[in-house]
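Here is what each chain is made of, one letter per residue.
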Amino acid sequence: MLKHVKKQLGLTLLLAITANISYAADPDIPTLSPDEGRIGEVRRVVDESEFKVCADPENMPYSDVKKQGFEDKIAELLANDLGKKLTYTYAYSRQGFFRNTLGANRCDVVIGTISDDGMMRTSKPYYRTGHVFVWRKDSNYNITDWTSPDLHKGFIGVIDHSPATIPMDANGLIGNARPYRMQRDLNLPASFMIDDLAKGDIDIAIAWGPIGGYYAKQSKVPMMVAPIPEYETQNAKGKEYWNISVGVRKKDKDRMEMIQGALDRNQDKIIKILDEYGIPHVPVVEGDSLMNSYKKYGANSKKVEGN
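Sequence order as written defines the numbering, with residues in each chain counted from 1. In keeping with the model being predicted, local features are shown solely for residues with a pLDDT of at least 70 and side-chain atom pairs are shown and tallied solely at 80 or more, while totals for entire chains, interfaces and linings include all residues. Values reported for side chains reflect all heavy atoms of the structure, with hydrogen atoms and water molecules removed beforehand.

A.B. asks: When you look at the state of the cysteines in this model, what are you seeing that I'm missing?
C.D. replies: The bond known as a disulfide is covalent and runs between the sulfur atoms of two cysteines. When two cysteine sulfur atoms lie within 2.5 Å, the pair is treated as a disulfide. Tallying each qualifying case throughout the model produces one disulfide. There is a disulfide in this structure between Cys54 and Cys107, and the S-S distance comes to 2.0 Å. Here the S-S torsion is close to 110 degrees, and the disulfide linking Cys54 with Cys107 is therefore right-handed. With Cys54 in strand S3 (residues 50-55) and Cys107 in the loop between helix H3 (97-100) and strand S7 (110-114), this pair connects stretches of sequence that are 53 residues apart. Whether a residue is buried, partly exposed or exposed follows from its accessible area with a 1.4 Å probe, protein chains only, as a fraction of its type maximum: under 20%, in between, or over 50%, in that order. Using a relative accessible area of 0% as the deciding quantity, one classes Cys107 as buried. Only runs of H or I of at least four residues qualify as helices and only runs of E of at least two qualify as strands under DSSP, and these elements are numbered from the N terminus.

Below, the structure is given as structure tokens:
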């Protein structure tokens with residue numbers, strides 16, 4: 001019994017340690033962070049000379065420990081504009097990410113979040129993106145919207161329970177669906193759906209724009225990418241496009257004003273970064289949010305605005 005208890009205590013300690021890994025000057029070498037903020041432990045003191053970003057260490061095209069993601073490039077742009085040293089705290093972008101990073105005071109800035117995220121104070125949107133259709137160029141498909149006949153010709157990869165499944169169902173396409181998990185399996189690369197498309201395991205991918213656009217551009221198999229039409233006027237749960245902002249803690253009003261200035265001064269450079277990475281983007285829609293969609297159209301509305 002004592003041996004079993006010791007084994008359990010050892011496992012608990014191991015999980016506690018590995019759950020709070022940060023990264024040292026060499027980004028490939030994990031080290032324990034003293035800045036955990038738990039009772040009895042050292043709590044980080046904010047250093048205003050830093051531009052300290054909360055990011056995922058393995059989530060291309062957004063970010064990784066080698067700082068190769070487009071959000072890494074945007075963070076570098078903002079830090080340079082503000083004359084601050086760019087540093088990171090890393091955690092996997094899963095349940096509890098904001099609570100254990102920004103909320104625990106381990107970092108100060110989230111580069112990309114939806115503009116009406118209730119957990120944070122958010123900047124004005126600096127870009128807007130949505131879902132896309134992706135297919136192999138050699139298939140000769142012509143897909144422009146949900147009524148395109150080519151959508152019925154093969155298997156469609158789609159994230160299970162994502163907004164895109166709403167118009168799929170309304171257009172009789174669920175029978176063609178090959179669902180992928182909402183929460184990414186960390187044993188698989190973020191490119192897994194586009195990889196399956198390249199191999200021919202699926203014929204069409206319906207992907208979140210930054211993922212679909214970036215990996216289609218990286219693929220050795222030529223791909224075509226087309227934006228999915230917005231669907232929220234038919235059904236608010238099928239909303240396909242979102243404004244994207246920078247986020248900070250709600251109390252950090254001065255920090256946000258500083259960051260907003262940097263965003264305003266560098267908007268053209270940010271758009272250039274998005275284009276270099278193949279990130280689809282459309283004009284920002286002022287005042288857009290899911291809650292506004294529910295109020296305007298109703299959660300299960302089937303009417304097009306104006307009808």
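More follows now that the structure is in view.
A.B. asks: What's the story with the pattern of salt bridges in this structure? I'm lost.
C.D. replies: Salt bridges are counted wherever a side-chain nitrogen of Lys or Arg sits within 4 Å of a carboxyl oxygen of Asp or Glu. For the coordinates displayed, the defined rule picks out 13 salt bridges. Note that Asp150 and Lys153 form a salt bridge whose closest N and O atoms lie 2.7 Å from each other. The partner of Arg249 in a salt bridge is Asp252, and the shortest N-O contact between them spans 3.3 Å. As far as the burial class goes, Arg249 and Asp252 line up, both buried. The network of salt bridges with common partners includes Glu48, Asp108, Arg249, Asp252 and Arg255.

A.B. asks: Honestly, the packing of helix H2 (residues 70-82) against helix H7 (residues 253-265) in this entry has me stumped. Any pointers?
C.D. replies: A packed helix pair is summarised by two numbers, namely the angle formed by the two axes and the spacing between the axes. Lines fitted to the C-alpha atoms define the axes, with helices restricted to the stretch that makes contact. Angles between their N-to-C directions range from 0 to 180 degrees. Two elements in contact, H2 and H7, have axes separated by 9 Å at closest approach and are oriented at 110 degrees. Compared by their axis directions, H2 and H7 come out roughly perpendicular. Here Leu78, Asp81 and Leu82 of H2 come into contact with H7, specifically with Met258, Ala262, Leu263 and Arg265. Classifying every residue of the contact of H2 with H7 by side-chain character gives five nonpolar, no polar and two charged. By the definition adopted for this analysis, an angle is roughly parallel if under 35 degrees, roughly antiparallel if over 145, roughly perpendicular if from 65 to 115, and oblique otherwise. The criterion used for residue contact is that any of the two residues' heavy atoms lie within 4.5 Å. Only Asp, Glu, Lys and Arg are considered charged in this grouping, and only Ala, Val, Leu, Ile, Met, Phe, Trp, Tyr, Cys and Pro are considered nonpolar; every other residue, Gly among them, is considered polar.

A.B. asks: How should I be thinking about the confidence of the model for the chain in this particular structure?
C.D. replies: In low-pLDDT regions, the fine details of the predicted coordinates are not to be read closely. pLDDT expresses how confident the predictor is about each individual residue, on a scale running from 0 to 100. Looking at the chain as a whole, the pLDDT averages 84, with 80% of positions reaching at least 70. For the stretch residues 1-37, pLDDT sits under 50, and the model shows 33 contacts to residues farther than four places along the chain or on other chains. Residue range residues 301-307 is modelled with pLDDT below 50. Its contacts to residues more than four positions away, or to other chains, number twelve contacts.

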